[in-house]
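These are the residues of each chain, in order.
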Amino acid sequence: MDLFVKVIVEKKDLFISRAREELQKFDLYKNMSGDIFDNHLKNFFGFLIDCLKNEDYQEISDFIVNKTALGSANLQIREVEEVAFTLKEIVLDLFEEYLEEEKLYLFFRRLDNIFYLIRLDLLDKYSKIKEEFILKQTQSLYELSTPVVPVSDSTLIMPLIGIIDTNRGQQIMEELLQAVKKHQANFIIIDVTGVPIVDTAVAQHIFKTVKAAQLLGAECIVAGISPEVAQTLTRLGIDFAGIRTVRNIRLGLELSLKLQGKTIVGEEK
Amino acid sequence: MQQNNKIPILKIDDFLIISVQIELDDELALSLQEQLANRIKNSDSVEGVLIDLTAVEVVDSFIAKLLGDMANIARLMGTNLVVTGIQPAVAITLVELGIELKDVATALNLQRGIEILRKGE
């Protein structure tokens, strides 16, 4: 490797100018300031030399992921591969004039191997970044999607929006019960107007939630079952007996008042 | 009448209150049922019985059956029973396992439980 590292170090300026030229073609780097870009390249070059000397790819991989634009969660895997390939080609080009065939072959094998390992490690790290990102988004979605709104000292409203899978169903049940406990609610209106699909699984979740709320002394009223959902539930033979249902939140509120023996009256003028 | 010291049955106004704070085994469960029945009989007037589970973190089918039995005993002796203070986690376990608290009234806490009993459902 020593000879090869020596050649690369000698050709540092050529490497940097070619890299600058080639990488500007990528959207990734088009908007990057010249100074920052050059700085990245110089640092990258330093790490590259160390990598080739020690045949260790961890440090250069860490640098790329943590300190360069390639570490962004918005990146396409394809772009990462393309940039890596471009840089490899540039390095190989530096050796055009030097080597007899045999040595060229050996050198190429070892260089390609190193670059391959760097790429694999990068892809691993990159996948993890993506996964974490998606996980965080999912978490946010869950949080945004189970709000509980107290509308009186006895009644809560939980408007549900979107698809309800097993995880979300579980979370809804937990949030609802905690809310009942916290607000000491007697009634909770679960609005499903925004839930497009209510199948057997979702119905099960709703049943369990209603039963669990009853154990805490709260009555659930399900509001907003759409015509489509009503027909689906009927076709699936799912029986909502024992669960109070109303057309919309307004009617749900009226029902909760009625069940408390209360009514809203206008003030006498 | 033997009062077990582990789970006392307390009285406020005309309400009997049992606050479960320890794990129940067969022996204790039976003893508690017997005690409750005797206490109802020996009290001048009982407006209702409240069993509070605020301190209970785990409920299984055994406890569920015990609660159902106690509600039945109370009813047979002419009084109503309310289970109060079921924690969210416990409620979830009960419904997930499909354990029903048949014919047992429940309320969020003692205060609510008393209100329900006073209304005389």
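Going by the structure above, here's the rest.
Residues numbered from 1 in each chain as written. Chains lettered and ligands numbered in written order. Predicted model: local features only at pLDDT ≥ 70, side-chain atom pairs only at ≥ 80, totals over all residues. Heavy atoms only, no water.

Trainee: Can you help me understand the overall build of chain A in this one?
Mentor: Secondary structure assignment for chain A yields eleven helices and five strands. Looking at chain A residue by residue over its 269 residues, the buried ones come to 41%. At a minimum sequence separation of 6, the contacts of chain A that also span at least 24 residues come to 73%. Accessible surface for chain A amounts to roughly 15,800 Å². Of this, 52% is attributable to carbon and sulfur atoms. (Helix = DSSP H or I, 4+ residues; strand = E, 2+ residues; numbered from the N terminus. Buried < 20%, exposed > 50% of the residue type's maximum accessible area, 1.4 Å probe, protein only. Contact = heavy atoms within 4.5 Å. Areas by Shrake-Rupley, 256 points an atom, 1.4 Å probe, with all protein chains shown as cover.)

Trainee: Is there a simple way to explain the overall build of chain B in this structure?
Mentor: Within chain B, the secondary structure is distributed over four helices and five strands. Sequence-ordered secondary structure for chain B, helices as α and strands as β, is β-β-α-β-α-β-α-β-α. Looking at chain B residue by residue over its 121 residues, the buried ones come to 51%. For chain B, the accessible area works out to roughly 6,500 Å², and carbon and sulfur atoms hold 48% of it.

Trainee: Please explain the sheet that holds strand β4 (residues 81–84) of chain B as it appears in this structure.
Mentor: Remark on secondary structure: sheet strands pair via backbone hydrogen bonds, oriented parallel or antiparallel. Residue and element names in this part refer to chain B. Taken in spatial order, the five strands of this open sheet run β1-β2-β3-β4-β5, and their pairing is mixed. Edge strands, defined here as strands with exactly one partner in the open sheet, are β1 (9–12) and β5 (105–107). If you compare each strand with its neighbour and ignore which way they point, the axes differ by 30° on average. As paired elements, β1 and strand β2 (residues 15–19) share four bridges and run antiparallel to each other. Looking at the pairing, K11 lines up with L16 of β2. Packing of helix α2 (residues 61–76) onto the sheet brings it into contact with β2, β3 (48–52) and β4, and relative to β4 it is tilted by some 150°. (Pairing = 2+ DSSP bridges. Axes fitted to C-alpha atoms, helices over the stretch in contact; angles between N-to-C directions.)

Trainee: Looking at this structure, I do not really get the interface of chain A and chain B. What am I missing?
Mentor: One widely used convention gives an interface's size as the accessible area the parts lose upon coming together. Contacts between chain A and chain B engage 17 residues on the former and 15 residues on the latter. Taken together, the two surfaces of chain A and chain B that pack against each other cover about 1,400 Å², and 63% of this comes from carbon and sulfur. For the pair chain A and chain B, the interface holds one salt bridge. Viewed at the interface, chain B and chain A are joined by seven residue pairs in polar contact (both at pLDDT 80 or more). Going through the elements one at a time, α8 (166–183) and α9 (200–215) of chain A are the ones with two or more residues in the side of chain A that touches chain B. Within the side of chain A that touches chain B, the residues separate by chemical class into seven nonpolar, six polar and four charged. (Buried area = accessible area lost by both parts, 1.4 Å probe. Salt bridge = Lys/Arg side-chain N within 4 Å of Asp/Glu carboxyl O. Polar contact = N/O pair within 3.5 Å; in protein donor to acceptor, adjacent residues only side chain to side chain. Nonpolar A, V, L, I, M, F, W, Y, C, P; charged D, E, K, R; others polar.)

Trainee: How should the environment of L52 of chain A be read in this particular structure?
Mentor: Residues and elements named next belong to chain A. Mapped onto the secondary structure, L52 falls in helix α4 (residues 34–54). Assessed through its relative accessible area of 1%, L52 is described here as buried. Between the C-alpha atoms of L52 and D2, which are 50 residues apart in sequence, the distance is 8.7 Å.

Trainee: Looking at this model, I keep getting lost on the environment of L122 of chain A. Mind explaining?
Mentor: For L122 of chain A, the location among the structural elements is in helix α7 (residues 101–145). Residues L122 of chain A and V80 of chain A, 42 residues apart in the sequence, show an inter-C-alpha distance of 8.5 Å.

That is the geometry; function is a separate question.
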